[in-house]
Amino acid sequence: MIFIHLVILAISMILGFVFSYLAIMEEDLLKAVIYSAGQGVMFSIAFYILMAPDVLLAYIAIAIGIYTALLVFVISKTERKEVV
Amino acid sequence: MNAENLLFMILMIAFPFYLAAFVLYSIRIVKGPTIFDSVLAVDCLSFDLAAFIAILAIYFRSAFLATSAIILALWAFLLDLYLAKYFLKREVGI
Amino acid sequence: MISEALMYIGGILVIIGGICDFFGALGLLRFPHFYVRLHAATVGTIGGAVVPLIGAAILALGCDFLGWIRYPIAGMSFITAILILIVSPTATHALAFAAHRSKAIEWKEKVCDHLEGVKR
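Now for a description of the structure that goes with this document. (Residues numbered from 1 in each chain as written. Chains lettered and ligands numbered in written order. Predicted model: local features only at pLDDT ≥ 70, side-chain atom pairs only at ≥ 80, totals over all residues. Heavy atoms only, no water.)

### Here we look at the overall build of chain B
Each helix and strand counted, chain B has 3 helices and 0 strands in total. In chain B, the succession of α and β elements from N to C terminus is α-α-α. Its C-alpha radius of gyration of 17 Å places chain B more than 25% over the 12 Å reference for a compact globule of 94 residues. The principal-axis extents of the C-alpha atoms in chain B amount to approximately 60 × 30 × 10 Å. For chain B, the residues scored as buried account for 64% of the 94 residues in total. When contacts within chain B are restricted to residue pairs at least 6 apart in sequence, long-range pairs at least 24 apart make up 49% of them. With the model as given, the accessible surface of chain B reaches about 3300 Å², and the carbon-plus-sulfur share is 70%. Between the mean site of the 6 positive side-chain charges and the mean site of the 6 negative ones, chain B shows a separation of 7 Å. (Helix = DSSP H or I, 4+ residues; strand = E, 2+ residues; numbered from the N terminus. Rg over C-alpha atoms; globule rule 2.2 N^0.38 Å. Buried < 20%, exposed > 50% of the residue type's maximum accessible area, 1.4 Å probe, protein only. Contact = heavy atoms within 4.5 Å. Areas by Shrake-Rupley, 256 points an atom, 1.4 Å probe, with all protein chains shown as cover. Lys, Arg positive; Asp, Glu negative; His and termini not counted. Charge placed at Lys NZ, Arg CZ, Asp CG, Glu CD.)

Structural data, given as C-alpha cells:
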C-alpha cells in the first residue's frame, strides 16, 4: 500500500464529521465544547496529510486553544444546560 | 535490504496500532459518563497524535511538518488546565 | 554500518510505542471509573508518546538518504519528547485534583483521605 496517507485522511475526516454532528446535537454545553475540541484535533491531522504546515499551526492554536477557553469563560457566566 | 524499504516496513508494522488507538480514544470521548473522562481522552489523543506526526515527517521527507508536534502537545496541556480551573473555582479568569 | 544499527534501534522503539499506545487506549475503555483510568492514561502518554518520539529521533539520525534534513527532524522530536515528559503528569494531576476537590466524582472504596480536613 503506497497510499497509506489517503487511508489516514479518510478516517480522520469521517471522525471529524461524527464529532461535529455530536457537538450540535448535545444539550450539555460543556460536553459540546469538548466535542468541538475533538473535531479540531481530527481536522488538524487532515491539514497535515494535505501538506499545509502554516495553516496547521494557526488552526491548532485557534480551534483547540483559544476557542475552547473563550467558550468555557462564556459558559461560566451563564448556565450550563441548554434550554430549548 | 536498503534503507528506504526498511523505513517503509517499520512504518507499515506500527501504523495499524496507532490507528486502532485513535479510534478507541474517540469512543471514550463519546461514551464518557462525566466530563473528566472526555477531557482525559482528548489529552491522550493529542499526545499520541503528536508522536505519530513526528514519525510521518520522516516518511514525507520534510522538515517543516515536524514543528506542529510541539504545538499540539502544548495546547492540549492548556485545555486540561482551563477545565480544571473551571471546576475548582466556578470561574475562569483569562 | 552505524546507520543500519541506528535504524534498527529506532524502529524497535517506535514499534514498542505503538503497542503501548494500543494497550493504553484499550485500558481507557475498559476500566471501571475515572480514578482507575488515570493509570491507563499514564501508559498511553508516556509509553505511547515519549518513547516513540525518542525512537523517531534515533531513526531519523540513521537515515542517510535524507541528507541534511535529518538533523532538524531529530532535534525537534527529541525536544517534543522532553516537553511531553514534563507536561503530561502536571496536566493529569491538575485534572484529578479538580475532580476530587469539587466533589464531582465520588470515590467509593475509600480507605484513607489525606486531603479531608484541609481548607484551601
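### Here we look at the interface of chain B and chain A
With 38 residues of chain B at the contact, the number on the chain A side is 37 residues. Across the chain B/chain A interface, buried area totals approximately 3500 Å², and carbon plus sulfur atoms make up 83% of it. When residues of chain B are sorted by the area they lose upon contact with chain A, B:F60, B:W75 and B:Y86 head the list and together hold 16% of the total. There are 0 salt bridges connecting chain B and chain A. (Buried area = accessible area lost by both parts, 1.4 Å probe. Salt bridge = Lys/Arg side-chain N within 4 Å of Asp/Glu carboxyl O.)

### Structural notes on the environment of B:S68
Relative to the helices and strands, B:S68 resides in helix α3 (residues 68-89). Taking C-alpha positions, B:S68 is 19 Å from B:D80, a pair spaced 12 residues apart along the chain. In this structure B:S68 touches A:Y48, A:L56, A:L57, A:I60 and B:I53, once residues within four positions along its chain are discounted.

### Here we look at the packing of helix α2 (residues 35-60) of chain B against α3(B)
All names here are of chain B. Running from amino to carboxyl end, α2 crosses α3 at an angle of 170°, the nearest separation of the two axes being 8 Å. Taken together, the axes of α2 and α3 are roughly antiparallel relative to one another. Of α3, the residues touching α2 (which contributes I35, F36, V39, V42, D43, S46, F47, L49, A50 and I53) are S68, A69, L72, A73, A76, F77, L79, D80, L83 and F87. (Axes fitted to C-alpha atoms, helices over the stretch in contact; angles between N-to-C directions. Parallel < 35°, antiparallel > 145°, perpendicular 65-115°, else oblique.)

### Quick look at the environment of A:D54
Tracing the backbone through its elements, the reader meets A:D54 in helix α3 (residues 53-77). Sequence separation between A:D54 and A:F73 is 19 residues, and the spatial gap between their C-alpha atoms is 28 Å.

### What about a nonpolar patch on the surface?
All names here are of chain C. Taken together, the side chains of I54, F78, I82, L85 and I86 present a nonpolar region at the surface, about 440 Å² in accessible area. By residue number, the principal contributor to the nonpolar patch is helix α3 (residues 70-101), which donates 4 residues. Among the structural elements, L85 can be located in helix α3. Residue classification places L85 among the partly exposed residues on the basis of a relative accessible area of 46%. (Patch = residues over 30% accessible without salt bridge, like charges linked within 9 Å, V, L, I, M, F, W, Y side chains within 5 Å.)

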